[in-house]
Amino acid sequence: MNEVLLRSENLARAFGGLQAVAGVSLSLYAGQVTALVGPNGAGKTTTFNLITGNLRADSGTAQIRGRPIMGLKPWQVARLGVARSFQDLRLFTHMTVRENVFAATETASWFWQPGGSRARLRRQERAEAALEATGLAALADARAVDLAYAERKFLSMARILAAEADIWLLDEPASGLDLASRLRFGELLKNAQARGVAICLIEHNLDVVVELSNRIAFLDQGRVLAEGDPGTILKDPALAAIYFGDRPQEAA
Ligand SMILES: Nc1ncnc2c1ncn2[C@@H]1O[C@H](COP(=O)(O)OP(=O)(O)OP(=O)(O)O)[C@@H](O)[C@H]1O
């Protein structure tokens, strides 16, 4: 089995009376794509937020390569090698494409890094490589706000690439992409996988899940109900019923 880069154990978080995440234990492996699948409100995005320090957990732990990360700030988690995308992308809309990507290289560079101008050059090279890899080089001087929908999704991916993280948490990165863009996106993931990146993907489109993932963690009501290879999980009629909103009545 591949190395575990990130592990959470029993993460939990309530909002008022709503138990959004109710004990999520999840492992992400180097070179594997894990799809986090589940109905709306299952707790997928909240799980990401707990791992990245965007939200505090009520209980539970998480480690990156065995190092505890609970209580760290998002920028500290990023420095440990976690890059994350958001459903709403969170781009710097009035900056150029190149500036957006360059800004993402900061998480990977330490302020005491030697050779100031050399380090900057290296960051610029990383940003240019990320623009090339995502097909955005020709749009580098356009403002993010002027990009088409799919281009904005790829800009978000270019920022992930430029951060040089080895754990990627992607929140619906392929939603709304046409087939050609989806294939291009799949190539990006395959290349990252080959480099040993551990990827976790929140995805509603089950065709995309089958295309791209090695494992599924199926979440419902804040719990991981099942984990395993996509073929097995997606054939399970009980999970399909939950996913498509045909939940069995609970015993009174
Ligand atoms: N900041 C918050 N305050 C209050 N409730 C929240 C907050 N964030 C999430 N929730 C609630 O927690 C539950 C889990 O939300 P979450 O966004 O994690 O689900 P999800 O599985 O990502 O859903 P979707 O697939 O629709 O994006 C939902 O009922 C949601 O309304």
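Residues numbered from 1 in each chain as written. Predicted model: local features only at pLDDT ≥ 70, side-chain atom pairs only at ≥ 80, totals over all residues.

(A) Seen up close, the sheet that holds strand β2 (residues 18-29). A sheet is described by the order of its strands in space; here 4 strands give the open sequence β2-β1-β4-β5, paired in antiparallel fashion. Both outer strands of the open sheet, β2 and β5 (67-68), are each paired with one neighbouring strand and no more. Where strand β1 (residues 4-15) and β2 come together, 9 bridges link them in antiparallel fashion. What sits directly across from arginine 7, in β2, is serine 27. (Pairing = 2+ DSSP bridges. Helix = DSSP H or I, 4+ residues; strand = E, 2+ residues; numbered from the N terminus.)

(B) Focus on the environment of leucine 155. On the secondary structure map, leucine 155 appears in helix α5 (residues 149-162). By C-beta crowding, leucine 155 is classed as buried, having 25 other C-beta atoms within 10 Å. In sequence terms leucine 155 and alanine 144 are 11 residues apart; their C-alpha atoms lie 8.1 Å from each other. Excluding residues within four positions of it along the chain, leucine 155 makes contact with Leu91, Val97, Asn100, Leu136, Ala144 and Leu147. (Buried ≥ 20, exposed ≤ 12 C-beta atoms within 10 Å, placed from the backbone. Contact = placed C-beta atoms within 7 Å.)

(C) Focus on the confidence of the model for the protein chain. Per-residue confidence for the protein chain gives a mean pLDDT of 91, with 94% of residues at or over 70. For this predicted complex, the interface confidence score (ipTM) comes to 0.96, while the overall pTM stands at 0.92. (pLDDT = per-residue confidence, 0-100.)

(D) Structural detail: the site of the ligand. Around the ligand, the neighbouring residues are Phe15, Leu18, Ala20, Gly38, Asn40, Gly41, Ala42, Gly43, Lys44, Thr45 and Thr46. Among the secondary structure elements, those contributing two or more residues to the shell around the ligand are β2 and α1 (44-52). The element contributing the most residues to the shell around the ligand is α1, with 3 residues. Here the shell around the ligand is built from residues that sort into 4 nonpolar, 6 polar and 1 charged. (Near = placed C-beta within 6 Å. Nonpolar A, V, L, I, M, F, W, Y, C, P; charged D, E, K, R; others polar.)

(E) Spotlight on the pairing of strand β10 (residues 223-228). As paired elements, strand β9 (residues 215-220) and β10 share 5 bridges and run antiparallel to each other. Within β10, the residue paired with isoleucine 216 across the bridge is glycine 228. The antiparallel hairpin formed by β9 and β10 contains 2 residues in its connecting segment, where glutamine 221 sits at a positive phi of about 45 degrees.

(F) Structural view of the nonpolar core. One finds Val101, Ala158, Ile167, Trp168, Ile199 and Leu201 to be the most contacted residues of the largest nonpolar core, which totals 65 residues. If one sorts the elements of this core by residue count, α5 sits on top with 7 residues. The residues that make up this core include at least three from each of domain 1 (1-81 + 165-246) and domain 2 (92-160). The residues contacting tryptophan 168, other than those within four sequence positions of it, are Ala83, Ile160, Ala192, Val197 and Ile199. (Core = buried A, V, L, I, M, F, W, Y, C linked by C-beta atoms within 7 Å. Domains from an automatic or database assignment.)

(G) Inspection of the packing of helix α3 (residues 97-104) against helix α4 (residues 116-133) at higher detail. Orientation of α3 relative to α4, taken along the N-to-C sense of each, is 125 degrees, at an axis distance of 9 Å. Taken as axis vectors, α3 and α4 run oblique relative to one another. Once α3 is placed against α4, the crossing between them reads as right-handed. Contacts between α3 and α4 involve Arg98, Val101 and Phe102 from the former and Arg123, Gln124, Ala127, Ala130 and Leu131 from the latter. By residue class, the composition of the contact of α3 with α4 is 5 nonpolar, 1 polar and 2 charged. (Axes fitted to C-alpha atoms, helices over the stretch in contact; angles between N-to-C directions. Parallel < 35°, antiparallel > 145°, perpendicular 65-115°, else oblique. Left-handed = near helix turned anticlockwise from the far one by under 90°.)

(H) The environment of alanine 192, seen in detail. Assignment of secondary structure puts alanine 192 in helix α6 (residues 179-194). Residue class for alanine 192 comes out buried when judged on the 21 C-beta atoms lying within 10 Å of it. It is 19 Å that separates the C-alpha atoms of alanine 192 and glutamate 151, two residues lying 41 residues apart in sequence. Among residues more than four places away in sequence, those in contact with alanine 192 are Trp168, Val197 and Ile199.

(I) Just the sheet that holds strand β7 (residues 167-171), in detail. Taking strand neighbours across the sheet as the criterion, the 6 strands line up as β6-β7-β8-β3-β9-β10 in an open arrangement whose pairing is mixed. Both edges of this open sheet fall to β6 (82-85) and β10, since each of them pairs with a single strand only. Each strand of the sheet is rotated relative to its neighbour by a mean of 15 degrees, with strand direction disregarded. The sheet contacts of α6 involve β3 (33-37), β7 and β8 (198-202), and relative to β8 the element is tilted by about 150 degrees.

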